[in-house]
Amino acid sequence: MKKDRWFCNKPLDEQQDLAQNNKIVPSDSESVILKNSNDSPIWIPESDNESETSLSSPMICCTPPDSPISSENICLNIEINDNISKTEASTSSKSKKVFCYYCETEVLNFPRHITRNHKSEIDVQKILSLPKLSKERKNLLFALRKKGNYLKSNDNLSKPVKTGNENTNYLPCIHCLGYYSSKNLWRHRKKCDANSNKGASTKNSKSEAQNFLIRNLKVDPQLKIDVFPRMRADKVSLVAKKDALICAFAARYLKIHRENHFILVASRKMRELARLLLEIKKIKPTINSLYEVLKPEYYDTLVSATKVVFRYDPESKTYQAPTFALNMGTTLKQCCDIALVYTLKKSQKLSTVSLANQEADLKTLIQLINSNWKFDVSSQASSDLNIQKWNKVTLVPFANDLKLLKDCLINKANMALCKLKENTSDEKSYIILMETIYSRIILLNRRRPGELQRLLVNTYKSLILNENSQAYEEFGEVISE
Ligand SMILES: [Zn+2]
Ligand SMILES: [Zn+2]
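Residues numbered from 1 in each chain as written. Chains lettered and ligands numbered in written order. Predicted model: local features only at pLDDT ≥ 70, side-chain atom pairs only at ≥ 80, totals over all residues. Heavy atoms only, no water.

A. Spotlight on the coordination of the zinc ion (ligand 2). The zinc ion (ligand 2) binds to the protein through Cys173 (SG), Cys176 (SG), His188 (NE2) and Cys192 (SG), with metal-donor distances spanning 2.0 to 2.3 Å. For the zinc ion (ligand 2), the 4 donor atoms in the first shell make angles of 105 to 116° at the metal, a pattern classed as tetrahedral. Look at where the donors of the zinc ion (ligand 2) fall in the sequence and you get C-x2-C-x11-H-x3-C. Here Cys192 lies in the loop between helix H7 (185–191) and helix H8 (205–213) and Cys176 lies in the loop between strand E3 (170–172) and strand E4 (179–181), a separation of 16 residues in the sequence. One exposure class covers both Cys176 and Cys192, and it is buried. (Donors = N, O, S within 2.8 Å, 3.2 Å for Na, K, Ca; no water. Tetrahedral: all angles 85-135°; square planar, octahedral: opposite > 155°, others 65-115°. Helix = DSSP H or I, 4+ residues; strand = E, 2+ residues; numbered from the N terminus. Buried < 20%, exposed > 50% of the residue type's maximum accessible area, 1.4 Å probe, protein only.)

B. Expanded view of the nonpolar core. By size, the foremost hydrophobic cluster in this structure holds 60 residues, and its most contacted members are Leu223, Met270, Leu294 and Leu332. Contributing elements (two or more residues each) for this core: helix H9 (221–227), helix H10 (235–242), helix H11 (244–256), helix H12 (262–283), helix H13 (290–293), helix H14 (299–309), helix H15 (322–349) and helix H16 (353–391). Here this core gets 10 residues from one element, more than from any other, and that element is H12. If near-sequence neighbours (up to four positions away) are discounted, Leu294 is found in contact with Leu245, Leu332, Cys335, Cys336, Ala339, Leu362 and Leu365. (Core = buried A, V, L, I, M, F, W, Y, C linked by side-chain atoms within 4.5 Å. Contact = heavy atoms within 4.5 Å.)

C. A look at H15. The terminal C-alpha atoms of H15, which comprises 28 residues, lie 42 Å apart, in line with the 40 Å expected from a rise of 1.5 Å per residue. At Met328, H15 is deflected by roughly 30°, the largest bend along its length. (Expected span 1.5 Å × (residues − 1). Bend = angle between axes of the 7 residues up to and from the residue.)

D. Representation of the coordination of the zinc ion (ligand 1). At this site the zinc ion (ligand 1) is bound by Cys100 (SG), Cys103 (SG), His113 (NE2) and His118 (NE2), with donor distances of 2.0 to 2.2 Å. For the zinc ion (ligand 1), the 4 donor atoms in the first shell make angles of 103 to 121° at the metal, so the coordination geometry reads as tetrahedral. Using a relative accessible area of 0% as the deciding quantity, one classes Cys100 as buried. Taking the relative accessible area as the measure of exposure, His118 reaches 3% and is therefore buried.

E. The side chain of Thr436, seen in detail. Within the element layout of this structure, Thr436 appears in helix H18 (residues 427–444). In contact with Thr436, not counting residues within four places along its chain, are Leu409, Lys412 and Ala413.

F. Geometry of the packing of H12 against H15. Two elements in contact, H12 and H15, have axes separated by 11 Å at closest approach and are oriented at 85°. As the angle between them shows, H12 and H15 are arranged roughly perpendicular. Contacts from Arg268, Lys269, Glu272, Leu273 and Leu276 in H12 reach Phe324, Met328, Thr331, Leu332 and Cys335 in H15. Partitioned by chemical class, the residues of the contact of H12 with H15 number 6 nonpolar, 1 polar and 3 charged. (Axes fitted to C-alpha atoms, helices over the stretch in contact; angles between N-to-C directions. Parallel < 35°, antiparallel > 145°, perpendicular 65-115°, else oblique. Nonpolar A, V, L, I, M, F, W, Y, C, P; charged D, E, K, R; others polar.)

G. Examining the pattern of salt bridges more closely. Within the structure shown, the criterion is met by 8 salt bridges. Put simply, Arg271 and Asp234 hold a salt bridge, and the shortest N to O gap is 2.8 Å. Note that Arg271 is positioned in helix H12 and Asp234 in the loop between H9 and H10, a separation of 37 residues in sequence. Asp234 matches Arg271 in its accessibility class, with the two residues each being buried. Lys403 is the partner of Asp407 in a salt bridge, and the nearest nitrogen-oxygen pair spans 3.3 Å. Of the two residues, Asp407 and Lys403 both sit in helix H17 (residues 399–422), 4 residues apart, roughly one turn of that helix. Salt bridges here are not isolated pairs; linked through shared partners, they connect Arg232, Asp234 and Arg271. (Salt bridge = Lys/Arg side-chain N within 4 Å of Asp/Glu carboxyl O.)

H. Summary view of a positive patch on the surface. Judged by side-chain charge, Lys255, Arg258, Lys345 and Lys349 come together as a positively charged surface patch. As for its placement among the helices and strands, Lys345 is situated in helix H15. (Patch = residues over 30% accessible without salt bridge, like charges linked within 9 Å, V, L, I, M, F, W, Y side chains within 5 Å. Areas by Shrake-Rupley, 256 points an atom, 1.4 Å probe, with all protein chains shown as cover. Lys, Arg positive; Asp, Glu negative; His and termini not counted. Charge placed at Lys NZ, Arg CZ, Asp CG, Glu CD.)

I. Local environment of the packing of aromatic side chains. Taken as a whole, this structure holds 8 aromatic pairs when the rule is applied. Aromatic pair Tyr253 and Phe262: ring centres 6.3 Å apart, planes at 75°, arrangement edge-to-face. Relative to Tyr342, the ring of Tyr291 has its centre 6.0 Å away and its plane inclined at 80°; by these criteria the two rings are edge-to-face. Separated by 51 residues along the polypeptide, Tyr291 in helix H13 and Tyr342 in helix H15 bring together distant segments of the chain. With respect to class, Tyr291 is no different from Tyr342; both count as buried. Members of the aromatic cluster, each reached through a chain of ring pairs, are Tyr150, Tyr179 and Phe212. Lying over the aromatic face of Tyr101, Lys147 brings its terminal NZ or CZ to 5.4 Å of the ring centre. One residue, Arg215, lies across the ring of Phe212, its end atom 4.0 Å from the ring centre. (Phe/Tyr/Trp six-rings, centres within 6.5 Å; stacked < 30°, edge-to-face > 60°. Lys NZ or Arg CZ within 6 Å of the ring centre and 35° of its normal.)

Now the structure itself:
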């Protein structure tokens, strides 16, 4: 579980706590956690309990919860040792246990547990003040359960409010912290009791929920604001967002590539690296982060993972995505550079043998990639790319067809213009006019669609208004290449 979150300012231990516990709860729960002197809840014999059968099935606890042979303790140990899947957890008897939000232990009878041990908490007092079996009481208890289960959740285990099939992916509601299937999350948010603004759009529920999970990690603010919300909220993105080196790589990429459309490229590159990391984890399960894999001994693993990610077919010896395979070597070298900068910075403060070894490892890996990557990956990928180019048929349009297209465009544009003159708020005609103008400019110069796509109205206007003929001539030269 030891992850090297090296580019955060906080000490490692503190960060791990943040990352693992997610213990910031955005509600009115700033109550003080009161514990017994020996840090364990007081055990009261079964006889004098007040059972709340309505919410949790009554289970008899035969041994005190804090005794070493307690069934709860055994369950907890199994849970830590086993790498249980989501579905296993939900179907077993463990699913009936609730993780107490206050004392962070698993309990069988949650209502009884909080009544006995956490009476002083504001939320518990609220619950106790309500009549038993009332709807409000149930709702408050349910909210407290969700908060507790959220604390317990991690990558491999989340306790959803409703379990779906084994492929269901669960994400937390950012208001009540309950885990819901990612498909139905938007529907839940519309009616979530903790959501104060129910009318707000729930369009980006999935990515908001995923970003909520990693909000405590120290990541470049531009990445958090611009790139993260645009990434698809799946497992690959979560791995990318959690890996410090992948984030540092994207942050550096965005510093050089400032235009808006590079945000999507940065997101794509992050996901490529995350896919590579996931593939490496399959080959070497001990690996946790990209930083750990940047060592010469893992060079072959990197090559084989790259082949899997970019779909190398050993029979036909071709890549399905040769362009990306070609670029992966450069991307990895840049990652090594960033890691090297970090190691050098760290070694200035404190010089140890392990840091010196890391530095040497990174340098060796860069050398290995420089000298060998082209034989192992690039040459095959670039020859695939060339073959794809040969086989690409370029159809040159006939002059007649071009004239037909031009006439059609002008006709459509004129009709749209007439309609717009009659009714200035005609949205459809406006779009037609805009599209026909774009098409005509592209026809004039089909090599530069990207520039046209990102040309601002202001830039265009200033060029027209500019009396300086030289600037205009340069523009003319560029587009008539
Ligand atoms: Zn408790
Ligand atoms: Zn909710």
